[in-house]
Amino acid sequence: FPPYAKEVASDTYLVCNMLRHMLPPQVIQSSIGNLEDNGDNKEKDHADTATEWISLVIERLSGLGLLPQMYRAAGGGSIRSNENDDDRQLMVTPEQVVLLNCVGQSVEEKVHPSMSSSSSSSQNTLLGGSLGEEENILTTFRFLVKEVEYIRSKFSTSSTTTVPDEHYDGENKCSQNAYMTILEIIATSLSYADQNNDSRRKSTNNTSSEDDTCLVSKLQTCLGQETSLLTLTLLDLGTLIDNLSSKNRGRKARELVMANEEQHLVVVLVRLIGNLCFRCRFNQDLVRLTEIPMSLNHQNDVNDVVTSTTKTTIPTEETTPKRNGLHVILSCTSFAYGCFTLREWALVAIRNILEDNDENQDIVSRLEAQQALDTPELQKMGIKVDLDKRGKVNIVHDEIKKEGGDV
């Protein structure tokens with residue numbers, strides 16, 4: 001890239017000022033009520049020439065593999081000045097959030113170009129470079145995963161009952177937004193298929209030399225083998241599913257409650273897992289081999305249900321089946337009523353995880369009902385559910401059962 005490009009991307013004052021001017025004056029004025037309301041409630045396009053040029057500069061610098069430099073510059077003095085320096089405050093600035101969202105929109109346009117798009121030069125490139133610049137691309141995505149780990153550690157090391165302390169008002173929201181946006185950038189980038197290379201779609205043998213030339217396949221392998229992205233994503237999805245299960249305990253499927261943030265996060269996590277596993281045997285196996293512990297609250301809920309319906313002792317760690325990433329992905333389908341697109345993304349992820357993987361397919365084929373649980377609603381209706389040795393479900397009315405008959 002041009003010799004001055006890295007200097008531009010690393011200039012804290014320049015980068016921060018560009019990002020602060022991404023919002024045109026009209027948006028700022030309207031947000032503080034300085035614009036008169038003329039009764040026109042139509043949505044206005046606030047994009048202006050300056051915003052378009054700033055977006056173009058950010059897109060070009062990111063395409064040169066300089067996103068890490070811009071991200072550090074956007075952090076001002078809150079982050080390390082050297083990428084090898086571990087002395088770092090876990091802090092995300094609003095400028096970094098703007099940068100990530102700008103890059104995310106650019107990546108989305110590259111993968112799914114709109115009919116009105118005039119940016120044809122970027123359609124044959126991935127974030128960080130083009131097909132001839134694999135190392136720049138891999139370096140960019142390694143950096144993004146590292147940022148995910150930093151942001152995640154901020155919340156995982158804090159107490160489960162308190163919110164991490166903020167250096168400024170809204171910092172936690174900025175951190176959550178940055179975390180979500182980075183995952184979206186990676187997930188969207190993995191769905192990119194180069195128009196000039198059809199080998200990835202046609203080939204089913206990931207060990208062939210032809211597949212090694214596929215940039216997206218290399219990115220999948222790099223993220224799965226060299227980073228903890230897939231493991232952390234599975235763990236976060238397991239925690240989210242457990243929290244949703246506990247929150248919706250006792251509710252009917254059509255009464256599931258999921259906040260907008262929860263819907264957004266669960267779809268992003270499932271989508272990322274599915275794209276990481278597309279025709280990538282290593283990542284498929286990693287999903288199966290990754291053990292996902294059950295959260296304490298959800299485990300207590302399960303124990304309460306089991307003991308109240310079976311009158312047996314509480315399951316111990318030795319008797320409780322181990323849960324892996326595949327089980328968590330399968331569990332997502334039960335929340336389809338709470339999130340419009342979750343079922344579709346979960347099915348895509350399951351297909352990608354099972355494709356040409358006999359071990360994963362065997363786990364799914366051996367899944368079966370373990371026991372029937374009587375809920376309070378069924379008890380009020382005088383109905384009991386029995387499960388025979390073959391896994392067949394029989395519905396029995398209490399009065400009929402006393403006479404020895406089944407329905």
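It should be emphasised that the depicted structure is a prediction, and the values quoted were computed from it without experimental measurement.

Side note on the overall build of the protein
Here is step 1 of the chain: The number of helices and strands found in the protein is 20 helices and 2 strands.
Here is step 2 of the chain: Residues counted as buried form 41% of the 407 residues belonging to the protein.
Here is step 3 of the chain: Within the protein, counting contacts between residues at least 6 apart in sequence, those at least 24 apart form 69% of the total.

Focus: the packing of helix H13 (residues 260-276) against helix H17 (residues 342-354)
Here is step 1 of the chain: Closest axis-to-axis distance for the H13/H17 pair is 8 Å, and the angle between their directions is 20°. Classified by the interaxial angle, the pair formed by H13 and H17 is roughly parallel. Crossing geometry of H13 relative to H17 is assigned as left-handed. Of the residues in H17, those touching H13 at Val266, Val267, Val270, Arg271, Ile273, Gly274 and Asn275 are Leu342, Trp345, Ala346, Ala349, Asn352 and Ile353.
Here is step 2 of the chain: Residues that form the contact of H13 with H17 fall into these classes: 9 nonpolar, 3 polar and 1 charged.

Points about helix H2 (residues 12-20)
Here is step 1 of the chain: Those residues of H2 not exposed but buried are Val15, Cys16, Met18 and Leu19. Angularly, the buried residues of H2 cover 160° about the axis, an arc narrow enough to put them on a single face.
Here is step 2 of the chain: Where H2 starts, the residue carrying a side-chain oxygen 3.1 Å from the main-chain nitrogen of Tyr13 turns out to be Asp11.

Some thoughts on the pattern of salt bridges
Here is step 1 of the chain: Enumeration according to the criterion identifies 13 salt bridges in this entry.
Here is step 2 of the chain: Beyond isolated ion pairs, a larger network of salt bridges with shared partners links Arg281, Asp285, Arg288 and Glu359.

Re the nonpolar core
Here is step 1 of the chain: Of all hydrophobic cores here, the largest spans 85 residues; its most connected members are Leu99, Leu144, Ile186, Leu223, Leu237, Val266 and Ile273.
Here is step 2 of the chain: For this core, the element with the highest residue contribution is helix H8 (residues 171-190), accounting for 10 residues.

Thoughts on the confidence of the model for the protein
Here is step 1 of the chain: The predicted model of the protein averages 76 in pLDDT, with 64% of residues at 70 or higher.
Here is step 2 of the chain: Mean pLDDT across the secondary structure elements of the protein bottoms out at helix H10 (residues 209-212), with 40, and peaks at helix H14 (residues 281-289), with 96.
Here is step 3 of the chain: Long-range and interchain partners of residues 118-123, a stretch whose pLDDT sits below 50, account for 8 contacts in this model, where long-range means more than four residues apart.

Comments concerning the packing of aromatic side chains
Here is step 1 of the chain: Considering all chains together, one arrives at 1 aromatic pair under this definition.
Here is step 2 of the chain: Seen from their ring centres, Tyr71 and Phe143 are 5.7 Å apart, and the 75° between their planes marks the pair as edge-to-face. Of this pair, Tyr71 sits in helix H5 (residues 67-74) while Phe143 sits in helix H7 (residues 134-156), and the two are 72 residues apart along the sequence.

As for the side chain of Asn324
Here is step 1 of the chain: In this structure, Asn324 sits in the loop between helix H15 (296-310) and helix H16 (325-332).
Here is step 2 of the chain: Only 3.1 Å separates the side chain of Asn324 from the backbone nitrogen of His327, close enough to count as a polar contact.

A few points about H16
Here is step 1 of the chain: Of the positions making up H16, those classed as buried are Gly325, Leu326, Val328, Ile329 and Cys332. Buried residues along H16 cover an arc of 160° about the axis, so they all sit on one side.
Here is step 2 of the chain: For H16, the secondary structure elements touched by its buried residues are helix H12 (229-247), H13, H14, H17 and helix H18 (358-365).
Here is step 3 of the chain: Between the side-chain oxygen at the start of H16 and the backbone nitrogen of Leu326 there is a gap of 2.9 Å, and the oxygen is on Asn324.

A word on unusual backbone geometry
Here is step 1 of the chain: Of note, Arg279 is a non-glycine position whose phi angle comes to about 55°, a positive value.
Here is step 2 of the chain: Here Arg279 is to be found in the loop between H13 and H14.
Here is step 3 of the chain: The phi angle at Asp356 is positive, at roughly 55°, despite the residue not being glycine.
Here is step 4 of the chain: With respect to the helices, strands and loops of the structure, Asp356 is situated in the loop between H17 and H18.

Some thoughts on the environment of Gln105
Here is step 1 of the chain: Positionally, Gln105 belongs in helix H6 (residues 94-111).
Here is step 2 of the chain: Look at Gln105 and you get exposed, because its relative accessible area is 60%.
Here is step 3 of the chain: Spatially, the C-alpha atoms of Gln105 and Ser55 are 9.5 Å apart, while their sequence positions differ by 50 residues.

Here's the deal with the environment of Glu171
Here is step 1 of the chain: Within the secondary structure, Glu171 is located in helix H8.
Here is step 2 of the chain: In this structure the C-alpha to C-alpha distance between Glu171 and Met91, which are 80 residues apart in sequence, comes to 7.3 Å.

A look at the state of the cysteines
Here is step 1 of the chain: Summed over all chains, the structure comprises 0 disulfides.
Here is step 2 of the chain: There is no disulfide at Cys332, and the cysteine sulfur nearest it, in Cys339, is 9.8 Å away.

Cut-off values and rules
- Residues numbered from 1 in each chain as written.
- Predicted model: local features only at pLDDT ≥ 70, side-chain atom pairs only at ≥ 80, totals over all residues.
- Heavy atoms only, no water.
- Helix = DSSP H or I, 4+ residues; strand = E, 2+ residues; numbered from the N terminus.
- Buried < 20%, exposed > 50% of the residue type's maximum accessible area, 1.4 Å probe, protein only.
- Contact = heavy atoms within 4.5 Å.
- Axes fitted to C-alpha atoms, helices over the stretch in contact; angles between N-to-C directions.
- Parallel < 35°, antiparallel > 145°, perpendicular 65-115°, else oblique.
- Left-handed = near helix turned anticlockwise from the far one by under 90°.
- Nonpolar A, V, L, I, M, F, W, Y, C, P; charged D, E, K, R; others polar.
- Arc of directions from axis to C-beta.
- Polar contact = N/O pair within 3.5 Å; in protein donor to acceptor, adjacent residues only side chain to side chain.
- Salt bridge = Lys/Arg side-chain N within 4 Å of Asp/Glu carboxyl O.
- Core = buried A, V, L, I, M, F, W, Y, C linked by side-chain atoms within 4.5 Å.
- pLDDT = per-residue confidence, 0-100.
- Phe/Tyr/Trp six-rings, centres within 6.5 Å; stacked < 30°, edge-to-face > 60°.
- Disulfide = S-S within 2.5 Å.

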